[in-house]
Amino acid sequence: MATTATETKKTSTNGEEQQSQNLRHQEVGHKSLLQSDELYQYILETSVYPREPESMKELREVTAKHPWNIMTTSADEGQFLNMLIKLVNAKNTMEIGVYTGYSLLATALALPEDGKILAMDVNRENYELGLPIIEKAGVAHKIDFREGPALPVLDELVADEKNHGTYDFIFVDADKDNYINYHKRLIDLVKIGGVIGYDNTLWNGSVVAPPDAPMRKYVRYYRDFVIELNKALAADPRIEICMLPVGDGITICRRIN
Ligand code: SAM
Ligand code: CA
């Protein structure tokens, strides 16, 4: 069960606990980018968990037992995506990087009955872990899952001009070393006024870490790709951008021409 804010507060009055929290916030790779675990817990308990659909809660709990659960979208980010999709009235969407499907379910629940998600992942097994929950939620008919690397699928879509400017919303949450390659293709596929969300653009806070900072191997490996992506997005005149410190950082790009 999740720790309550009061419980967290009680333990944090203990000096040792407080010191360990401070240390965790110094270490690059801490999950939350907020300065305080209590504040994050407050967001979850006040605004997110009480409004989280039962199916998303179930999927979150199933995913928590999976060995790669660090990859999942956090509940607050899931809530944000769900809201964003409704705000932009998205109908035709795409997701690159599904894992067990938490962001996919957040998207599917936000879309109208005839909404569509082209969902891609190299791993079908993890998607199938969440699929029964997605089916039970009554939204599986909106999903077209393609197993395999996303880039060839995008190339195929771009090759047919009929697909240009047809996507209302695209969420990118897969191999960070390909984000620039995805962007080159997605910019043609998203409609003018449509939105692309690039996830993990603050990359565990490592984007500002000194080169000798303690970092997990995968964090260090992808760090430079994320930094390059952030520069490229900021310099791209075809989009307006907004980088939000939600989850591990998400950059919202709105195509303007
Ligand atoms: N959005 C997911 C969620 O809410 O749980 C998390 C996605 S996880 C961070 C990244 C996923 O990208 C993994 O499931 C991985 O298999 C997938 N992936 C890695 N390389 C890929 C590629 N080249 N094409 C498509 N998917 C890829
Ligand atoms: Ca992510």
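Higher on the page you've got the structure.
Here the residue index of a chain counts from 1 through its sequence in written order. Lettering of chains starts at A and numbering of ligands starts at 1, both following the order in which they are written. Local features in this predicted model are restricted to residues whose pLDDT is 70 or higher, and side-chain atom pairs enter the listing and the counts only when it is 80 or higher, whereas totals over whole chains, interfaces and linings include all residues. Side-chain descriptors were evaluated using all non-hydrogen atoms of the structure, hydrogens and water having been removed beforehand.

## Here's the deal with the side chain of Thr 73
How we decide: A run of H or I in DSSP becomes a helix once it reaches four residues, and a run of E becomes a strand once it reaches two; helices and strands are each numbered from the N terminus. Only protein chains enter the area calculation, which uses a 1.4 Å probe; residues under 20% of their type maximum are buried, those over 50% are exposed, and those in between are partly exposed.
As for its placement among the helices and strands, Thr 73 is situated in the loop between helix H4 (54–64) and helix H5 (75–87). You can call Thr 73 buried: its relative accessible area is 7%.

## Quick word on the packing of H5 against helix H6 (residues 102–110)
Stated precisely, the cut-off is as follows: Under this scheme, a helix contributes an axis fitted over its contacting stretch, all axes are lines through C-alpha atoms, and angles between N-to-C directions fall in the 0 to 180 degree range. To sort the angles, those under 35 degrees are grouped as roughly parallel, those over 145 as roughly antiparallel, those from 65 to 115 as roughly perpendicular, and the leftovers as oblique. Less than a right angle of anticlockwise turn of the near helix away from the far helix marks a crossing as left-handed, whereas a clockwise turn marks it as right-handed. Working rule for contacts: check all heavy atoms of both residues, and any pair within 4.5 Å makes them a contact. Each residue receives one of three labels: charged for Asp, Glu, Lys and Arg, nonpolar for Ala, Val, Leu, Ile, Met, Phe, Trp, Tyr, Cys and Pro, and polar for the others, Gly being one of them.
With their axes 8 Å apart at the nearest point, H5 and H6 run at an angle of 30° to one another. Considering the angle they form, H5 stands roughly parallel to H6. H5 and H6 meet at a crossing whose hand is right-handed. Residues Ala 75, Gly 78, Leu 81, Asn 82, Ile 85 and Lys 86 of H5 touch H6, and the partners they reach there are Tyr 102, Ser 103, Ala 106, Thr 107, Leu 109 and Ala 110. A class-by-class count of the residues in the contact of H5 with H6 yields 7 nonpolar, 4 polar and 1 charged.

## A few points about the coordination of the calcium ion (ligand 2)
For clarity, the threshold we go by: In this listing, donors mean N, O and S atoms no farther than 2.8 Å from the metal, or 3.2 Å for Na, K and Ca; water is missing from the atoms, so a site can look incomplete.
Every protein donor of the calcium ion (ligand 2) is accounted for by Asp 173 (OD), Asp 173 (OD), Asp 199 (OD) and Asn 200 (OD1), and the metal-donor separations fall at 2.2 to 2.9 Å. Summarised as a motif, the one-chain spacing of the donors to the calcium ion (ligand 2) is D-x25-D-N. Of this pair, Asp 173 sits in the loop between strand S4 (167–172) and helix H9 (179–189) while Asn 200 sits in the loop between strand S5 (190–199) and helix H10 (217–235), and the two are 27 residues apart along the sequence. The two residues Asp 173 and Asn 200 agree in class, both being buried.

## Here we look at the nonpolar core
Rules: Throughout this description, the term nonpolar core refers to a set of buried Ala, Val, Leu, Ile, Met, Phe, Trp, Tyr and Cys residues connected via side-chain atoms within 4.5 Å.
In this structure, Leu 104, Tyr 127, Ile 143 and Phe 169 are the most contacted members of the largest nonpolar core, which totals 33 residues. If you tally residues by element for this core, the top one is H6, at 6 residues. Among all residues touching Tyr 127, those that are not within four sequence positions of it are Val 98, Tyr 99, Thr 100, Leu 104, Ile 134, Ile 143 and Phe 145. In this structure, Met 94, Met 120, Leu 151 and Leu 189 belong to the second largest nonpolar core, which totals 24 residues.

## Some remarks on the packing of aromatic side chains
We apply this condition: By convention, a stacked pair of Phe, Tyr or Trp rings (six-membered ring in the case of Trp) has centres within 6.5 Å and planes under 30 degrees apart, an edge-to-face pair has planes over 60 apart, and any other such pair is tilted.
Under the definition given, this model contains 6 aromatic pairs. Judged by centre distance (4.7 Å) and plane angle (75°), the ring pair of Tyr 221 and Tyr 222 falls under edge-to-face. Residue Tyr 222 is classed as partly exposed on the basis of its relative accessible area, which comes to 22%. Linked through ring pairs, Trp 203, Tyr 218, Tyr 221, Tyr 222 and Phe 225 together constitute an aromatic cluster.

## Let's talk about the sheet that holds strand S6 (residues 239–244)
What holds strands together in a sheet is hydrogen bonding between their backbones, with the strands either parallel or antiparallel. Our working definition: Following DSSP output, two strands are said to pair if at least two bridges run between them.
What the 7 strands build is an open sheet, ordered S3-S2-S1-S4-S5-S7-S6; its pairing is mixed. Either end of the sheet is taken by a strand with one partner, and the two such strands are strand S3 (143–147) and S6. With direction set aside, neighbouring strand axes in the sheet form an average angle of 15°. Across 6 bridges, the pairing between S6 and strand S7 (residues 250–255) is antiparallel. Bridge pairing in S7 places Cys 242 opposite Ile 252.

## A short note on the pattern of salt bridges
Filter applied, for reference: Any Lys or Arg side-chain nitrogen found within 4 Å of a carboxyl oxygen on Asp or Glu counts as a salt bridge.
Using the criterion set out here, one finds 15 salt bridges in the structure. With a closest N to O distance of 2.9 Å, Asp 114 and Lys 91 form a salt bridge. Residue Asp 114 is located in the loop between H6 and strand S2 (116–121), and its partner Lys 91 is located in the loop between H5 and strand S1 (92–96); the two are separated by 23 residues in the primary sequence. In this structure, Asp 224 engages Arg 223 in a salt bridge whose closest nitrogen and oxygen atoms are separated by 3.8 Å. Using a relative accessible area of 49% as the deciding quantity, one classes Asp 224 as partly exposed. Taking the relative accessible area as the measure of exposure, Arg 223 reaches 13% and is therefore buried.

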